[in-house]
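Structural features, examined
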Number of protein chains: 2
Amino acid sequence: MKPTIYDVAEKAGVSISTVSRVINNTGRISEKTKKKVLQVMESLRYQPSVVASALTGKRTRTIGLIIPDVANPFFAEIARRIEDRGRELGFNLLMCNTDNNQHTEEMALSLLKQKSVDGIIIGTTTKNYTLLNELLQEQFPVALIAQDIPELVIDVVTVDDFLGGYQATSHLVSLGHTKIAFLMGNSGRTSDKYRLQAYRQVLEENRLPFDERLVVETDYSMEAGKRAALEILASPQRPTAIFAGFDLIAIGVYQAAKELGLRIPDDLSVVGFDNTILATIVDPPLTTIAQPIDEMGRQVMDLLVREIEGSKSTKQRVILPPELIIRNSTKEIAGA
Amino acid sequence: MKPTIYDVAEKAGVSISTVSRVINNTGRISEKTKKKVLQVMESLRYQPSVVASALTGKRTRTIGLIIPDVANPFFAEIARRIEDRGRELGFNLLMCNTDNNQHTEEMALSLLKQKSVDGIIIGTTTKNYTLLNELLQEQFPVALIAQDIPELVIDVVTVDDFLGGYQATSHLVSLGHTKIAFLMGNSGRTSDKYRLQAYRQVLEENRLPFDERLVVETDYSMEAGKRAALEILASPQRPTAIFAGFDLIAIGVYQAAKELGLRIPDDLSVVGFDNTILATIVDPPLTTIAQPIDEMGRQVMDLLVREIEGSKSTKQRVILPPELIIRNSTKEIAGA
DNA sequence: GGTTTTTGTGTAAGCGCTTTACGTTTGGGA
DNA sequence: TCCCAAACGTAAAGCGCTTACACAAAAACC
């Protein structure tokens with residue numbers, strides 16, 4: 001049987017509260033007893049039960065992470081960074097994938113609470129503000145990553161989507177493109193909205209016409225990206241450049257282009273968003289907007305932990321700058 | 001304050017044991033009281049505390065997952081499948097990334113036990129058999145995924161690495177290649193060993209010479225793969241084909257080839273292993289050995305859960321067949 | 001109608017730990 | 001030598017839940 005604090009106490013010839021004190025390093029204890037107890041703990045290979053101590057009001061040192069899909073490289077990288085920072089801070093990660101499914105998300109949230117996680121990081125497109133609001137109401141530590149809900153007072157860490165969209169579109173425009181398509185996600189993320197705004201603004205600033213047929217909503221997958229690209233590239237208003245809302249979608253565009261015999265970047269310029277590993281391995285390497293994933297993961301975790309430890313009273317939004325990474329998928333428009 | 005079982009009991013005018021009974025659906029309860037209690041739970045938005053119930057000997061319905069790195073697409077996909085199956089079965093995943101670092105792994109194991117997970121799935125190359133043996137000794141549910149430790153009686157789910165290596169090498173040989181390099185992982189995974197054995201056996205069966213300078217060990221990263229490939233492709237015994245132990249390494253080979261001006265598959269054939277998303281997006285699409293990731297994830301979870309629920313007494317190894325996916329990175333040797 | 005069963009519910013003892021409120025020891029100053 | 005703070009330990013309550021065990025009340029039996 002697993003040794004308990006009683007076993008340690010008995011073997012060390014002290015009371016359990018004394019053992020508890022050395023475990024938590026609280027109260028006064030003589031060096032001698034402390035040493036003795038430590039020694040016994042070692043010899044018994046004693047490990048305090050987090051479950052029991054959580055029951056007495058202490059933290060579980062576990063935080064919940066809700067994301068759409070770890071198999072999506074962007075979220076995998078995010079998850080990794082969060083876990084890393086969590087480990088440094090002494091927290092573990094309970095991971096839930098929801099595929100942005102409302103019901104799965106509600107289940108996840110409920111489960112995480114039952115399991116007494118100390119806080120929750122959400123990376124999915126929650127539509128259920130009610131549930132979120134409830135959490136906030138009861139002061140439960142929550143933070144949003146890579147997503148914002150402007151209507152709520154909540155801790156958020158995102159990239160500056162407007163700026164990213166601006167950089168991407170500007171880059172394309174500066175290369176002489178005038179017919180630029182924008183493939184955006186369809187799940188109502190604010191990020192998509194901001195990027196779209198930027199896209200429109202750049203067009204406007206450059207006195208380029210906005211053609212709504214050139215912006216299409218798609219799923220967050222390669223296949224969906226491919227389908228959307230195929231369609232738009234076959235249409236009469238075929239664009240010479242495509243701004244894809246995510247690297248994954250950009251890859252779909254690559255496939256569509258290949259199928260249609262279009263060369264990138266000669267016949268079609270493509271810029272992505274995220275700068276996941278995918279962007280570096282496709283051919284040609286993808287010009288994309290880099291999200292500071294490392295920084296983002298680190299900062300949400302920090303934000304959340306400060307909230308958990310109560311060393312912070314006001315919520316905050318952390319908006320990090322994106323960076324345009326020019327690789328070889330974009331080029332001056334032919335004949336320009 | 002969060003409602004407890006007492007609150008429910010009081011409001012429903014029954015004792016807490018009655019409430020507990022309806023929660024767990026145990027013992028006898030009249031339909032009437034049951035309904036009443038359920039109703040009160042609903043109205044109070046009561047959720048039983050997993051922590052408290054775990055303390056009384058029930059499960060936490062949480063399982064630990066130890067992998068090298070979720071940011072590695074292979075493990076991300078594995079993690080995703082495991083989580084999916086876990087959700088179906090009512091288990092959550094506590095995820096730990098170790099980068100195959102011995103110390104991190106030990107910490108993770110220790111933490112997971114402190115947190116009373118019901119079982120642990122390990123996907124890292126554990127060298128610490130002692131620790132593992134301890135777990136097994138105390139009948140703690142553990143299962144290995146995508147990795148085997150032949151010396152231990154333990155639940156394992158892997159792909160048939162020997163067969164995979166055999167398929168890969170045979171494919172290359174059947175295309176006329178005689179100078180085939182093998183880039184394998186360097187962390188002592190048994191999978192690498194089996195693949196190497198298969199590689200040698202195929203060469204032997206085909207009366208091809210085995211040149212040990214053509215097998216090189218490398219890290220599990222693109223960069224490492226690239227470095228290794230660069231080196232081997234510059235050597236006097238330049239191979240005409242490379243069997244890369246992982247898709248990630250294969251991508252490194254692509255990059256090396258590009259840098260050297262070698263065309264794939266014309267000047268160099270490449271086959272990978274894993275069939276992650278990466279294999280489909282590189283150009284040319286990578287011929288690779290597919291691991292049945294879905295099936296693997298599902299099966300470890302099943303195995304582990306059966307162990308947890310005690311409905312299974314003997315350990316077992318589940319060896320799933322790989323599949324050679326021929327795409328465009330391999331070709332008959334020039335002039336053959 | 002009385003005696004068994006059966007059924008429904010309550011009581012109370014923990015699970016392993018933290019923590020508060022008290023006892024005991026020391027030992028230094030007067 | 002005596003007194004009073006430290007300094008150190010201990011006992012006990014309680015966290016929210018499960019689970020024997022006990023015990024009425026209701027149903028079943030002859």
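Since this is a predicted model, take the numbers as computed values, not measurements. One numbering rule holds for all chains: residues counted from 1, following each sequence as written. Here the convention is simple: chains get letters from A, ligands get numbers from 1, in the order in which they are written. Reporting in this predicted model follows two pLDDT cut-offs: at least 70 for local features of residues, and 80 or more for side-chain atom pairs to be given and counted; totals over whole chains, interfaces and linings ignore these cut-offs and use all residues. Water and hydrogen atoms were dropped before computing side-chain values, which therefore reflect all heavy atoms in the structure.

1. Details of the sheet that holds strand β11 (residues 317-320) of chain A
The strand order across the open sheet built from 12 strands is β11(A)-β5(A)-β4(A)-β3(A)-β1(A)-β2(A)-β2(B)-β1(B)-β3(B)-β4(B)-β5(B)-β11(B), with neighbouring strands paired in mixed fashion. Strand pairing shows two members of the sheet lacking a second neighbour, β11 of chain A together with β11 (317-320) of chain B, which therefore form its edges. Each neighbouring strand pair of the sheet contributes to a mean axis angle of 20°, computed without reference to strand direction. Alignment of strand β5 (residues 155-159) of chain A against β11(A), held across 4 bridges, turns out to be parallel. Residue pairing for β11(A): V159(A) is matched across the bridge by L320(A). For this analysis, residues touch if any pair of their heavy atoms sits within 4.5 Å. The axes used here are C-alpha line fits, helices contributing only the stretch in contact, and every angle between their N-to-C directions lies in the interval 0 to 180 degrees. By definition, any uninterrupted DSSP run of H or I lasting at least four residues is a helix, any uninterrupted run of E lasting at least two residues is a strand, and each is numbered from the N terminus. Each of β1 (62-67), β3 (119-122), β4 (142-145), β5 (155-159) and β11 of chain B touches helix α13 (residues 293-308) of chain B; the most contacted strand, β5(B), lies at about 175° to it. Between any two strands, pairing holds if DSSP finds at least two bridges.

2. Things to note about the domain arrangement of chain A
Residues and elements named next belong to chain A. Domain boundaries assigned for chain A yield domain 1 (5-48), domain 2 (62-160 + 293-321) and domain 3 (161-291). For domain 2 and domain 3, the distance between their C-alpha centres works out to 28 Å. Counting from both sides, the interface comprises 19 residues of domain 2 and, opposite them, 16 residues of domain 3. When two parts are brought into contact, each loses some accessible area as probed by a 1.4 Å sphere; the total of that loss over both is the buried area. Ranking the residues of domain 2 by area buried against domain 3 places F74, V159 and D160 at the top, with a combined share of 34%. Marked domain ranges trace back to an automatic or database domain assignment.

3. Quick look at the protein's contact with DNA strand C
We call a residue near a given molecule or strand whenever any one of its heavy atoms falls within 4 Å of it. In the neighbourhood of DNA strand C, 28 residues make up the surrounding shell, with I5(A), Y46(A), T18(B), R21(B) and T33(B) lying closest. Those atoms of DNA strand C that come within 4 Å of the protein belong to sugar or phosphate at a rate of 57%. Residues adjacent in sequence count toward polar contacts only when both atoms are side-chain atoms; beyond that, a polar contact is any pair of N or O atoms within 3.5 Å, and within protein one must be able to donate a hydrogen and the other to accept it. A distance of 3.1 Å separates a sugar or linking oxygen of DNA strand C from a polar side-chain atom of T56(A). Between DNA strand C and the protein, one listed contact pairs a phosphate oxygen with a backbone N or O atom of S30(B) at 3.0 Å. Those elements giving two or more residues to the surface near DNA strand C turn out to be α1 (5-12), α2 (16-24) and α4 (50-55) of chain A together with α2 (16-24) of chain B. Here the surface near DNA strand C takes 5 residues from α2(A), the largest share from any one element. Taken together, the residues of the surface near DNA strand C sort by class into 10 nonpolar, 14 polar and 4 charged. Three classes are used: nonpolar for Ala, Val, Leu, Ile, Met, Phe, Trp, Tyr, Cys and Pro, charged for Asp, Glu, Lys and Arg, and polar for all others, with Gly counted as polar.

4. Looking at the interface of chain A and chain B
In this assembly, 50 residues from chain A lie in contact with 50 residues from chain B. Interface area, chain A with chain B, both sides summed: about 4300 Å², of which 57% is carbon and sulfur. By convention in these notes, a salt bridge is any Lys or Arg side-chain nitrogen within 4 Å of a carboxyl oxygen on Asp or Glu. Here chain A is connected to chain B by 8 salt bridges. The partner of R80(B) in a salt bridge is D69(A), with the nearest N and O atoms 2.7 Å apart. The interface formed by chain A and chain B contains 26 residue pairs in polar contact (both at pLDDT 80 or more).

5. Digging into the relation of the copies chain A and chain B
Least-squares superposition of the copies uses the C-alpha atoms of those residues scoring a pLDDT of at least 70 in each of them. Overlay of chain A on chain B (RMSD 0.1 Å): rotation 180°, translation along the axis 0.0 Å. Both copies of the chain, as the preceding transformation shows, are related through a two-fold rotation axis. Counting the interface residues of chain A, we find that 100% of their copies in chain B are interface residues as well, pointing to one common contact surface.

6. Overview of the packing of aromatic side chains
Each aromatic pair joins two rings of Phe, Tyr and Trp (for Trp, the six-membered one) with centres within 6.5 Å, and gets the label stacked for planes under 30 degrees apart, edge-to-face for over 60, and tilted for any other angle. As enumerated under the stated definition, the model contains 14 aromatic pairs over all chains in all. Taking the centre distance of 5.1 Å and the plane angle of 70° together, the rings of F74(B) and F75(B) count as edge-to-face. Burial classification: accessible surface area is computed with a 1.4 Å probe over protein chains only, and a residue below 20% of its type maximum counts as buried, one above 50% as exposed, and the rest as partly exposed. Judged by its relative accessible area of 7%, F75(B) falls in the buried class. Ring pairing ties together the aromatic residues F182(A), Y199(A), F210(A), F243(A) and F273(A), which thus form one cluster. Ring-over charges, as used throughout, are those where CZ of Arg or NZ of Lys falls within 6 Å of the ring centre and within 35 degrees of the ring normal. Positioned over the ring face of F91(A) is R61(A), at 4.4 Å from the centre of the ring.

7. Some thoughts on the packing of helix α5 (residues 73-89) of chain A against helix α13 (residues 293-308) of chain A
Residues and elements named next belong to chain A. Close contact between α5 and α13 brings their axes to 8 Å; oriented N to C, the two are set at 45°. With respect to α13, the element α5 is oriented oblique. For α5 against α13, the interelement crossing comes out right-handed. Contact residues: F74, E77, I78, R81, I82, R85, G86, E88 and L89 in α5; I293, D294, M296, G297, R298, V300, M301, D302 and V305 in α13. Counted by class, the contact of α5 with α13 contains 9 nonpolar, 2 polar and 7 charged residues. Each angle receives one of four descriptions, namely roughly parallel if under 35 degrees, roughly antiparallel if over 145, roughly perpendicular if within 65 to 115, and oblique otherwise. Two helices cross in a left-handed way if the nearer one is turned anticlockwise from the farther one by less than a right angle. They cross in a right-handed way if the turn is clockwise.

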